Every structure is written in structure tokens, then in C-alpha cells.
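Observations on the three-dimensional arrangement
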Amino acid sequence: MYSNDALWGWHPSAKQLILQILSQLTGSSEGGVASHSEKILQGLEIEQDRKKRTIYQDWAQEKQNPDILLQTPPIPHGSRLLDCVQNKPDVNTPLLQLKRERLEEQGRNVYILPRVKVNSNATETFDLTSKVQEFLSSSKKVFLLLGDSGTGKSTFNRALEVDLWHRYGKADERIPLFVYLPSIEKLDRDLIGERLRKANFTEEQIRELKAHHEFVIICDGYDECQQTRNLYTSNQLNQPGEWRAQMVISCCTEYTSDRYKDLFQPTDRNSRESLDLFQEAFIAPFNKDQIHDYIDQYVISRESPWRTEDYRRALEQIPNLQDLVTNLFLLRLALDVLPQLLETNSEFSRVHITRIKLYDEFVAQG
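We now turn to the structure provided with this report. The model shown is predicted, which means the values in this text are computed figures rather than measured ones. (Residues numbered from 1 in each chain as written. Predicted model: local features only at pLDDT ≥ 70, side-chain atom pairs only at ≥ 80, totals over all residues. Heavy atoms only, no water.)

Side note on the pattern of salt bridges
Side-chain pairs of opposite charge can arise where the charged atoms are in close proximity. Defined as follows: Within this document, salt bridges are pairs made up of a side-chain nitrogen of Lys or Arg and a carboxyl oxygen of Asp or Glu, the two lying within 4 Å of each other. Going along the chain from the N terminus, every DSSP run of H or I of four or more residues is numbered as a helix, and every run of E of two or more is numbered as a strand. Here the term buried applies to any residue with accessible area under 20% of the maximum for its type, exposed to any over 50%, and partly exposed to those in between, with areas from a 1.4 Å probe on protein chains only.
Taken as a whole and assessed by the stated rule, the structure comprises 14 salt bridges. Measuring nitrogen to oxygen at the nearest pair gives 3.8 Å for the salt bridge that ties E214 to R244. Taken together, the residues E214 in strand β5 (residues 214-220) and R244 in strand β6 (residues 244-252) connect sequence positions 30 residues apart. Relative accessible area serves as the criterion here: at 30%, R244 is assigned to the partly exposed category. Between K261 and E280 there is a salt bridge, with its nearest N and O atoms 3.2 Å apart. In this pair, K261 sits in the loop between β6 and β7 (278-283) while E280 sits in strand β7, placing the two residues 19 residues apart along the sequence. The class for K261 is partly exposed, based on a relative accessible area of 33%. When salt bridges with common partners are traced through the structure, they connect D190, E194, R197 and E203 into a single cluster.

Regarding the packing of aromatic side chains
Selection criterion: Each Phe, Tyr or Trp ring (for Trp, its six-membered ring) is paired with any other whose centre lies within 6.5 Å, and the angle between the two planes then decides the class: stacked below 30 degrees, edge-to-face above 60, tilted in between. Whether a charge sits over a ring comes down to the Lys NZ or Arg CZ being within 6 Å of the ring centre and within 35 degrees of the ring normal.
Within this structure, the stated rule accounts for 9 aromatic pairs. Cation over ring: K131 sits above F126, and NZ or CZ is 4.4 Å from the ring centre.

Description of unusual backbone geometry
Of note in this structure, Q236 is not a glycine but carries a positive phi near 55°. With a relative accessible area of 43%, Q236 lands in the partly exposed category. Backbone geometry places N238, a non-glycine residue, at a positive phi of 65°. Mapping N238 onto the fold places it in the loop between α11 (231-234) and β6. Residue classification places N238 among the partly exposed positions, given a relative accessible area of 26%.

Just geometry here; none of it tells us what the structure is for.
Written as C-alpha cells, this is what we have:
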């Protein structure tokens, strides 16, 4: 066991325990056992592996405990020896790969933090990130994010996952998992398991995660998968023996009906409709400050022929353009195509820009 590092090595405390046991066996009444144990110890004294030799030398200088075989040794933190004995799968490698892939996406997209309303008719807006963090710190189970097409729901969801990966293992032990719902076949029965299989987790690793870990699942594109079932309920989340998870789920407002909450609101055994487990927010149109902030980030991150001042002047002088780009998709579209549509010395106040004109120029650029 001591020499077979491929199976259980890396933990000095485990190696030291084996040394203690070998030492005790040298005094065994069984001559063969004592002789063999002594030869192993003599071999370690001249071990070529410096780390092993150091551990042996440190042990040799310590006072031996004659009752070592009667004691319950401490279990090394994260012991791979124990994992091998219990046949536990190592889920750290695919988890770290999943985390690395997500963190590598950070910074690729210009991001603007959405403001949200508590209902579609409200006038007061709130910071979306603070609302979601408030939800994640509570006992609520489902956070529904509603917004018109192109308002930035998917962009926010991916940014949220990156933020939660930064927290994972530090302030939070829940595993964040982004799920693009249209890509999952059995989303009404095995949503989390199917997503993990797509990330190359084995069945044994999936069982280990289900038994010992909690998740924050970030479900994107409910309206795109033509689903009419409540995914929280159909996946039996947080029921005994099932996945333990909080769910953040996004959907276009165009897809919802008067009874849309039935598709998202959790239920439990004690209440038919558990309002205390559910929270929702509606993405509000971008205001002027948010648009200017996005322009600043866009110019810094790209080699645009226009400067920040050029974009701002166009938005201020072209009739109705600022009202048009309160939608994230159209704002990004406008910033991409305006330098091709207009010269910076143009008389912007005489220019007429429509949504169709932006689309056509975008398509023309390929």
C-alpha cells in the first residue's frame, strides 16, 4: 500500500500511519511478518524518492506509540485511500473542467446589468443581481426571470453562472449549472442528470453528485423548448432522494398566459401553491445611463471605427434611436452597424433609423 502511490498516495498522514503499523509488525510473533515488515522499513530508509525518505526520517525521530493499532487514526482530509475503499468516484476533475470552461467565457461579451420590476406594471426598478442574491440566500426554490425577446435574459444567466463559480468553494458550496433547456431531451424528468451527461460526467459521478451535493440550476430558454410542464415539479426537485437545487429560470413574456405561474411555481406536500417558495422579476427597458455604460464597455472591448463620443452623439441626435435601443439586442445591433451606415461627420438629426434598417444592414454585413 505504501509504495502504490497511483491508488492512494499524496497524503502524508496516511503514509505515516502505514509506517506506524509496519513498525508494530516488526515486533510480531509471526516471524515471516516481522521479517518482511523490517525489510520494507529498511528499504524506505534508502528510498530514492526524497519526499518518501523525508516522511520516513521524520517518523523515525518521533516517539512511537505502542497502542497505535488500538487507536482509530484520523481520516486525512479528502483521502483518496478512503475514496478507493468506498468506491467513490472522483467528481473534482469534471467539475473543475466545467468551472474552467465557464470562467474562460468571462470578458468575451460586453455586459450591462439589467434593472427589474417586481411586476410588469410597476414603475420602480431594482438591481437584478441583488434580487437574485437575495433569492439565493433565502429558502425560496424558484426565481422566474421574465422579459421581452432580446432584453438580455440569456446574457444575465451566463454572467450569473460565472459569478457563482467564483463563489464556489469559498462562500458557497452549491454547484452552479447553466442549462440551455432546448438542448435537453428529458428535461421534464432528468434535467440535471442529462445536463451533466452532456458535460461528460459518468453515471457513477452523477449518482455521487446527487447524493452529496446541492445545485443552483440556471435554466435558460423555457419558451424555446415548447414546454408546458412545471420543470421544478416534474423533476421532483428537493423531494427525498432527488436532486437538491434552487432554480433560476428565464422565459419570454410573449410566451406567458394569464396562468403562467402554474408553469413555474413550486408546490410541496403541505400546500397546493407555495407562494413563499417562488419569486419573479420582469426586466425593465434600459435607461440612458445603462446605455452609455454599455457603449463605454463596447468601445473598450472592440476595435470600433467610432469613439464613445460618436456613438453618444448619434443616440442623442438621431430621432427615436435612443428609444429604439432600450432593448439589449437592438442596442448591440446598432453599435455594430452604425459606423457602416453613417459617417461621423453626418448631420445625424436628418438621419432616419428603423429596426428594419438595422436588421438589413446587419444581415448585409454577414
